[in-house]
Amino acid sequence: MGNDSRFEKGSILYFSPFIFSNGDEPKNKYFLVLHCDEQNLILASLPTSQDHVPGSLEKKHGCINQSDINFNCYLFEKGRVVCSNGFSFPKETYVYGFRLQLFDLYVFCVQECNDETKIEVKGRLLDEEYNALVQCLKNSTSVKRKYKALL
């Protein structure tokens, strides 16, 4: 389980469907792995197409950070290649610093073994893209300190 290469940092996965631990309705979701440790805990983001960028900020690919209003996100432009295999998101996609979460790999393995979800590898972020994303999140006031330490 711990050597499941799908969950290496920078991997973009697609869950069909993603089963939320809080009981929300399962739905198909992208899943971006930021870190996976020896205990099979994964620090990840569930990127979203929901645009919460304040109108006063310029929307462009990469880091959008405004410390004075505690806003941070990383924007993946629609159609821009971000993975070594040529993958690009089909819509503008956002990673919000305050939405990072820890997940247990074991739970995903059980769900997959029970045919509750399918996990598909979409690609692995280009090194420069991954590094820019991590830097963006590390510089954010909205990312929890314990998560910054993992990045």
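Structure: above.
Keep in mind that what you see is a predicted model, and the values were worked out from it rather than measured.

This paragraph deals with the environment of Phe108. Here Phe108 shows up in helix α1 (residues 105-113). In this structure, the C-alpha to C-alpha distance between Phe108 and Val81, residues 27 residues apart in sequence, is 27 Å. Excluding residues within four positions of it along the chain, Phe108 makes contact with Phe7, Phe15, Phe18, Phe31, Ile42, Phe103 and Ile119.

Taken together, the side chains of Tyr106, Val107 and Val110 present a nonpolar region at the surface, about 260 Å² in accessible area. Residue classification places Val110 among the partly exposed positions, given a relative accessible area of 32%.

With that settled, consider the sheet that holds strand β4 (residues 62-66). The three strands are arranged β4-β5-β6 in an open sheet whose pairing can be described as antiparallel. Only two strands of the sheet have a single partner each, and these edge strands are β4 and β6 (93-96). Each adjacent strand pair in this sheet contributes to an overall mean axis angle of 25°, direction not counted. Here five bridges tie β4 to strand β5 (residues 71-76), and the two strands are oriented antiparallel to one another. Across the sheet, the residue bridging to Gly62 is Leu75, located in β5. Its contacts with the sheet put helix α2 (residues 127-138) on β4, β5 and β6, and the angle it makes with β5 is roughly 170°.

Turning our attention to the pattern of salt bridges. Summed over the entire model, instances satisfying the criterion amount to six salt bridges. The salt bridge involving Lys59 is made with Glu92; its shortest N-O contact spans 3.4 Å. Separated by 33 residues along the polypeptide, Lys59 in the loop between β3 (41-45) and β4 and Glu92 in the loop between β5 and β6 bring together distant segments of the chain. One network of salt bridges, in which partners are shared, links Asp51, Lys59 and Glu92.

The rules we used
Residues numbered from 1 in each chain as written. Predicted model: local features only at pLDDT ≥ 70, side-chain atom pairs only at ≥ 80, totals over all residues. Heavy atoms only, no water. Helix = DSSP H or I, 4+ residues; strand = E, 2+ residues; numbered from the N terminus. Contact = heavy atoms within 4.5 Å. Patch = residues over 30% accessible without salt bridge, like charges linked within 9 Å, V, L, I, M, F, W, Y side chains within 5 Å. Areas by Shrake-Rupley, 256 points an atom, 1.4 Å probe, with all protein chains shown as cover. Salt bridge = Lys/Arg side-chain N within 4 Å of Asp/Glu carboxyl O. Buried < 20%, exposed > 50% of the residue type's maximum accessible area, 1.4 Å probe, protein only. Pairing = 2+ DSSP bridges. Axes fitted to C-alpha atoms, helices over the stretch in contact; angles between N-to-C directions.

These figures come from the coordinates and say nothing about function on their own.
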